[in-house]
Each structure stands twice: as C-alpha cells, then as structure tokens.
Amino acid sequence: MLTVEQVIASHKANIETLFGLTNKAFEGVEKIVELNLTASKAALSEAATHTQTMLSVKDAQELLALQSGLLQPLAEKTAAYSRHLYDIATATSTEFTKNAEAQAADAQKKFAGLVDSAAKNAPAGSESVVAIMKSSVAAANNALESVQKAVKQATEVAEANFNAVAATATNATKAATAKKR
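Residues numbered from 1 in each chain as written. Predicted model: local features only at pLDDT ≥ 70, side-chain atom pairs only at ≥ 80, totals over all residues. Heavy atoms only, no water.

**Re the pattern of salt bridges**
Note the following rule: By definition, a salt bridge exists where a carboxyl oxygen of Asp or Glu is found within 4 Å of a side-chain nitrogen of Lys or Arg. Here a strand is any run of E in DSSP of at least two residues, a helix any run of H or I of at least four, and the numbering for each starts at the N terminus. Think of it in three bands: residues with accessible area under 20% of the maximum for their type are buried, residues over 50% are exposed, and the middle band is partly exposed, with areas taken using a 1.4 Å probe on protein chains only.
A complete count under the given rule lists four salt bridges for this structure. Across the pair K24 and E27 runs a salt bridge whose closest N-O atoms are separated by 3.8 Å. Here the residue K24 and the residue E27 both occupy positions in helix α1 (residues 4–55), the gap between them amounting to three residues, near one helical turn. For the salt bridge of K98 with E95, the shortest nitrogen-to-oxygen distance reads 3.7 Å. Here E95 and K98 lie together in helix α2 (residues 60–120), a separation of three residues that amounts to about one turn. Judged by its relative accessible area of 48%, K98 is partly exposed. Of the residues examined, E95 reaches a relative accessible area of 28% and is grouped as partly exposed.

Here is the structure:
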C-alpha cells in the first residue's frame, strides 16, 4: 500500500510536471508570436519599399520585371517562415514527448516493482499465475516501446518529407523566376 507521504510526493511531482509543461507551452506560443511579429514587420517594410518602387516605374516592361523579381524572395521567405514555425512546434512537441516517455518509464518501473512485490508475497502454488502476469507486463512494455519507436520513425519521415517539399518548392520558384528573366 502507498503511504500518505508517497501520495503527497506523487501529487507534488505531478503538479511540478504540469507547471513545467505549461511553461514549455507558453514558451512555444511566445516564440510563435515573436516569429509572427518579425514576419509582419518585415512584410510591412517590404510592402512599403515595393510600393515606392512601383510608383517610380516608367513602363510596363519595367513593372513586369519588378513583379517577377518579387516571386522568388517571397517563396523563399514563405519557406523559411514555415520552417521556423515547424521548428518551434517540433521543439515544443519534443519536450512533451520526453516528459510523457519519462512518466511512462516511471510508471512501468513502479508497476514492475508492484508485480515483483506481489510475486514475492504470493502463496505457494501460484507460480504459474505470477509467471503469466510477469509475461503480460513484459509484453505490454515491449508493445509500448514498439509504438514509441514507430512514432519516432513516423516523425522523422514527416520531417524529411517536409524538408523535401520545402526544397522542391524553393527550387521550382527559382527555376520559374530564372525562366522569366
């Protein structure tokens, strides 16, 4: 059985974990707000500069050259913004994942200790039941580890796909801009 002190310690640890994760979530939101402010300021400044440049255009050909020159930087900036946003989300998610894995490992360890304790105190003749119980716990732990590995692999594949799409989009924009010139 758990003692009052163990229950209180467990609740205290859970509250500390909750506040730690809440702080990490707020840090992620702050980074996104900062990214959006920076991107908005840059866009506003570029729009003002572009407007001034457009007002000084003398003919249609100069206007077309100006417009085509804007396409590549816009695509690159959009890709960079998406990458920053993805990095912020990934970093925040990683913190939550690490915490969840640590909590799961701790719970597995405590449960295994409980099973071992129960096995030691089991009445004579119940060895087969204890063996089945230990086998079930081991199978559940292996299944959880397999799921965690699959999630990590899926995340890595998604990140690789994201990077490939971003690179392809940037290269396609560069090629399209180069053809127009």
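**A word on α1**
The cut-off we apply is this: Expected span of a helix, by definition, is 1.5 Å for each gap between consecutive residues, and there is one gap fewer than residues. We call two residues in contact when some of their heavy atoms are within 4.5 Å.
Spanning 52 residues, α1 covers 76 Å between terminal C-alpha atoms, matching the ideal 76 Å at 1.5 Å per step. By the burial criterion, the buried members of α1 are T17, L21, G28, L35 and H50. Residues of α1 that are buried make contact with α2.

**Quick look at the packing of α1 against α2**
Quick note on the threshold: The convention used is that axes are lines fitted to C-alpha atoms, helices contributing only their stretch in contact, and that angles between N-to-C directions extend from 0 to 180 degrees. Every angle not falling under 35 degrees, over 145, or within 65 to 115 is termed oblique; those three ranges are roughly parallel, roughly antiparallel and roughly perpendicular. Under the scheme applied here, ten amino acids are nonpolar (Ala, Val, Leu, Ile, Met, Phe, Trp, Tyr, Cys and Pro), four are charged (Asp, Glu, Lys and Arg), and all others, including Gly, are polar.
Contact geometry for α1 and α2: axes closest at 10 Å, N-to-C directions at 175°. The orientation of α1 relative to α2 falls into the category roughly antiparallel. A class-by-class count of the residues in the contact of α1 with α2 yields 13 nonpolar, eleven polar and five charged.

**Description of the side chain of H50**
To keep it simple, the criterion reads: In protein, a polar contact means a hydrogen-donor-capable atom and an acceptor-capable atom, both N or O and within 3.5 Å, with residues adjacent in sequence counting only if both atoms are side-chain atoms; elsewhere, any N or O pair within 3.5 Å suffices.
Looking at where H50 falls in the secondary structure, it is placed in helix α1. A polar contact is formed between the side chain of H50 and the side chain of Q67, at a distance of 3.5 Å. Among residues more than four places away in sequence, those in contact with H50 are L66, Q67 and L70.

**A short note on α2**
Side chains of residues three or four places apart in an α-helix project in the same direction, reflecting 3.6 residues per turn. For α2, with 61 residues, the first-to-last C-alpha span of 89 Å sits near the 90 Å given by 1.5 Å per residue. Of all the positions in α2, only S68, Q72, Y86, I88, T92, V115 and A119 are classed as buried.

**Brief notes about the confidence of the model for the chain**
Close reading of the predicted structure is inappropriate where its pLDDT is low. Stated formally: pLDDT is a residue-level measure of predictor confidence that goes from 0 to 100.
Put simply, the chain has an average pLDDT of 82, and 93% of its residues get 70 or more. Taking the mean pLDDT of every element in the chain, the minimum, 76, falls on helix α3 (residues 127–180) and the maximum, 89, on α1.

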